[in-house]
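Each chain, letter by letter, is given below.
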Amino acid sequence: MSAVREFLQELPAEERKQFEAGPAAPGKDEWPEPGEISTGQLLPVAILPPAAIPAPFRPWLTDIAHRMQCPLDFVAVGAMVAASSIIGAGCAIRPKKKDDWEVVPNLWGGIIARPSMMKTPALAEVIKSLARLEEEAGSNFDEETRFYEAALMRHKAVKDVLQDEFKATAKGKGKPGRKMDEIEMELAALEEPAAPVRRRFKANDATIEKLAVLLNENPRGLLVFRDELTGLLTSWEREDRQQDRAFYLEAWNGQGAFTVDRIGRGTLQTKNVCLSILGGIQPSKLTAYLLQAADSLQNDGMLQRFQLLVFPDEPRNWKLVDERPDAAAKNAAYEIFKALAGMDFIAVGATQEGEDRPFFRFDEDGQEVFYEWLVALQAKLQAEERPLICEHLAKYRKLMPALALIIHLIDLAAGGPHGPVTADAAYKAVAWAEYLESHARRIYGLLGDVRMKAAAALAGKIKEKRLKDGFALRDIYRLGWQYLDGPELAAGACRELEEAGWIRREVDTETGGRPRATYRINPKIFPEK
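What counts and how
Residues numbered from 1 in each chain as written. Predicted model: local features only at pLDDT ≥ 70, side-chain atom pairs only at ≥ 80, totals over all residues. Heavy atoms only, no water. 1 Å grid on protein atoms, 1.4 Å probe; cavity = no way out; pocket = protein on both sides within 12 Å on 5 of 7 lines; lining within 4 Å. Points joined across faces, edges and corners; volume = space filled by probe spheres on them. Nonpolar A, V, L, I, M, F, W, Y, C, P; charged D, E, K, R; others polar. Helix = DSSP H or I, 4+ residues; strand = E, 2+ residues; numbered from the N terminus. Buried < 20%, exposed > 50% of the residue type's maximum accessible area, 1.4 Å probe, protein only. Polar contact = N/O pair within 3.5 Å; in protein donor to acceptor, adjacent residues only side chain to side chain. Contact = heavy atoms within 4.5 Å. Axes fitted to C-alpha atoms, helices over the stretch in contact; angles between N-to-C directions. Parallel < 35°, antiparallel > 145°, perpendicular 65-115°, else oblique. Left-handed = near helix turned anticlockwise from the far one by under 90°. Expected span 1.5 Å × (residues − 1). Phe/Tyr/Trp six-rings, centres within 6.5 Å; stacked < 30°, edge-to-face > 60°. Lys NZ or Arg CZ within 6 Å of the ring centre and 35° of its normal. pLDDT = per-residue confidence, 0-100. Pairing = 2+ DSSP bridges. Salt bridge = Lys/Arg side-chain N within 4 Å of Asp/Glu carboxyl O.

**Digging into empty space enclosed by the protein**
A complete count under the given rule lists 3 cavities of 30 Å³ or more for this structure. Quantified by volume, the second largest cavity comes out at close to 40 Å³. What lines the second largest cavity is simply Leu-229, Leu-233, Ile-281, Leu-286, Leu-303, Phe-306 and Leu-309. Looking at the lining of the second largest cavity residue by residue, the class counts come to 7 nonpolar, no polar and no charged.

**So, the side chain of Ser-85**
Structurally, the position occupied by Ser-85 is in helix 4 (residues 72–87). When its relative accessible area of 4% is taken as the criterion, Ser-85 is described as buried. Reaching out from Ser-85, the side chain makes a polar contact with the backbone oxygen of Ala-82 at a distance of 2.6 Å. Not counting chain neighbours up to four residues away, the residues in contact with Ser-85 comprise Leu-130, Gly-221, Leu-222, Leu-223 and Ser-276.

**Some points on the packing of helix 4 against helix 16 (residues 423–463)**
Viewed as axis vectors pointing N to C, helix 4 and helix 16 meet at an angle of 120 degrees, and their least axial separation amounts to 14 Å. Regarding the angle of helix 4 to helix 16, the classification is oblique. In the packing of helix 4 onto helix 16, the handedness of the crossing is left-handed. Residue-level inspection shows Asp-73, Ala-76, Val-77 and Met-80 of helix 4 in contact with helix 16, the latter providing Trp-432, Tyr-435 and His-439. Of the residues contributing to the contact of helix 4 with helix 16, the split by class is 5 nonpolar, 1 polar and 1 charged.

**Digging into helix 18 (residues 487–499)**
Its 13 residues give helix 18 an end-to-end C-alpha distance of 18 Å, which sits within 8% of 18 Å, the value for a rise of 1.5 Å per residue. Among the residues trailing helix 18, Gly-501 stands out with phi positive, at a value near 80 degrees.

**Notes on the packing of aromatic side chains**
Each aromatic ring pair is characterised by the separation of its centres together with the angle its planes make. The final tally for this structure, using the stated rule, is 13 aromatic pairs. Their ring planes at 50 degrees and their centres at 6.1 Å tell us that Phe-370 and Tyr-371 sit as a pair that is tilted. For Phe-370, a relative accessible area of 0% translates into the label buried. Measuring from centroid to centroid gives 5.8 Å for Trp-432 and Tyr-435, while their planes differ by 85 degrees, and the two rings are edge-to-face. Placement of both Trp-432 and Tyr-435 in helix 16 is noted, with a separation of 3 residues, approximately one turn of the helix. Of the aromatic side chains, those joined through ring pairs into one cluster are Trp-101, Phe-362, Phe-370, Tyr-371 and Trp-373. Its end group placed over the ring of Trp-252, Lys-398 keeps NZ or CZ at 4.3 Å from the ring centre.

**Observations concerning the confidence of the model for the chain**
Reading predicted coordinates in detail is not appropriate for stretches of low pLDDT. Scored by pLDDT, the chain has a mean of 87; 89% of the residues are at 70 or more. Confidence drops under pLDDT 50 across residues 22–28; counting only partners more than four residues distant or on other chains, this segment forms 5 contacts.

**Quick notes on the environment of Pro-487**
Note on placement: Pro-487 falls in helix 18. Remark: the alpha-carbon pair of Pro-487 and Tyr-477, spanning 10 residues in sequence, is separated by 6.1 Å.

**Re the layout of surface pockets**
The computed volume of the second largest pocket comes to approximately 430 Å³. Along its surface, the second largest pocket is lined by 16 residues, and Cys-70, Pro-71, Leu-72, Asp-73 and Pro-315 are the ones closest to its centre. Listing elements by their share of the lining of the second largest pocket, those giving two or more residues are helix 3 (58–68) and helix 4. Looking at side-chain class alone, the lining of the second largest pocket contains 10 nonpolar, 3 polar and 3 charged residues.

**Thoughts on the side chain of Glu-384**
Tracing the backbone shows Glu-384 in the loop between helix 13 (364–383) and helix 14 (387–394). At 2.9 Å, the side chain of Glu-384 and the side chain of Arg-386 are in polar contact. Apart from the residues lying within four places of it in its own chain, the contact partners of Glu-384 are Ile-389, Cys-390 and Arg-441.

**Observations concerning the sheet that holds strand 4 (residues 222–228)**
Ordered in space as 3-4-7-2-8, the 5 strands form an open sheet in which the pairing is parallel. Here the strands that pair on one side only, and so sit at the sheet edges, are strand 3 (202–203) and strand 8 (308–310). Alignment of strand 3 against strand 4, held across 2 bridges, turns out to be parallel. Its bridge partner being in strand 4, Ala-203 is matched across the sheet by Val-224. Contacting strand 2 (108–112), strand 4, strand 7 (275–281) and strand 8, helix 4 crosses the sheet at an angle of about 160 degrees to strand 7. Across the sheet, helix 10 (residues 242–253) is in contact with strand 2, strand 4 and strand 7; its angle to strand 7 comes to roughly 115 degrees.

**Looking at the pattern of salt bridges**
Tallying each qualifying case throughout the model produces 25 salt bridges. The partner of Arg-94 in a salt bridge is Glu-102, and the shortest N-O contact between them spans 3.1 Å. Given the relative accessible area of 14%, Glu-102 is considered buried. A salt bridge links Lys-380 to Glu-437, with the nearest nitrogen and oxygen atoms 2.6 Å apart. Taken together, the residues Lys-380 in helix 13 and Glu-437 in helix 16 connect sequence positions 57 residues apart.

**Describing the pairing of strand 7**
Counting buried positions along strand 7 yields 7 of 7 residues, so the element is predominantly enclosed. With burial as the criterion, each face of strand 7 is covered, one bearing Leu-275, Ile-277, Gly-279 and Ile-281 and the other bearing Ser-276, Leu-278 and Gly-280. Here strand 2 runs beside strand 7; their pairing, made up of 5 bridges, is parallel. Each residue of the ladder has a partner; that of Gly-109, found in strand 7, is Leu-278.

As structure tokens, this is what we get:
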């Protein structure tokens, strides 16, 4: 390997890209007039149409949003993800009429908002129904445990009697007419009562080993809820938690199995890994994950799996609201969650083939809605020039039918007619997809916004003469300036300033040593004295 290539291998990804781009095209001695540096603006987003929210949830969610004076988006996303976690791997939808392609309706979502925007209280209010379900499950578990302990005592007593009789018969002191083979058969047929399992609906800060145990006990799946998603995302970067990332990637599909091997703990196999994720994150803390997604070497599609990730505008007309909650709407929503948790999907219209999980299909009109939407999505993907947007929208092939199934099952839980997924549910799912696409474009647009802010920050440092003419990339990020504290941010800022004519990159490969890229500063930036 040449010295140059060896040197390139040691560089951070963004610095390596700078060198691999080759020397800058030789320009004239004359510098251009430096252009203006914009800090960027958020892209507009669609407002969530209330008609897209399942009708049984609308009074409950609008009441919460009104009393908390938070965007309806916050609670609506939370409710849909919570409902998806209760249904989980219990059933699926096969979106095509004949194909066996199957979608499990577990969803990942979150809220992007600055601090004090009520994102955590809003989500906490929505998932109170899951906490209430767990409380009831705990009471049932305690009662079942008492019966289990009694049954276990009975089992042990019968087993002791048969074992004593077996020993006595072996010594020739058994009951007349009782044979050892007969007693042996009775012992073999004696089954120990099954221990009760406490049903769980959510987890907060569990290791994947504990999640694997919980999923074996709760095969439909669980909701992983985090006040701040940053903690969960950063935990996947730790060296001792590398397998966690693979576990969660598998859990998004909702259909696969996962095996965890640990020294001292042995092998733990989970037959059905299905998790939903919900939480909040601040815009500034999302930057690192957007940059990672933008790097083809680091992008594993994790961020794109958060399909119900929303970044709504802040409310402008806040007012003080002090009203009692709508108890009827709140209890009605809880009853729907409870009905979903105990729903017999086959009894309400699902089909089951062999040992496969029950599945739904669209009705005739709903099928046409889905096909029309899918054809339009494919055309959009082929026309999309931005890879990250394309990757994100490609996962809508799961999102739209999953939402349609969730909406349909919520309607069933509220007393709607049994049967296949309706056109009404399909139309609502399409409305959700269109709404979420606008939020995805705003979120990925933050990547350009961050680069523009980094460029503005670098322009400010240059004007303050904090960098000398002929500076290197490392001279920027080693100083830890805001928006410039990493090689990716520094390199992006340099590219923006190059295009604006503020700086010019020069690569020296003729000195015999390691190649060195430096940046010359446009003297026209500084006003003449």
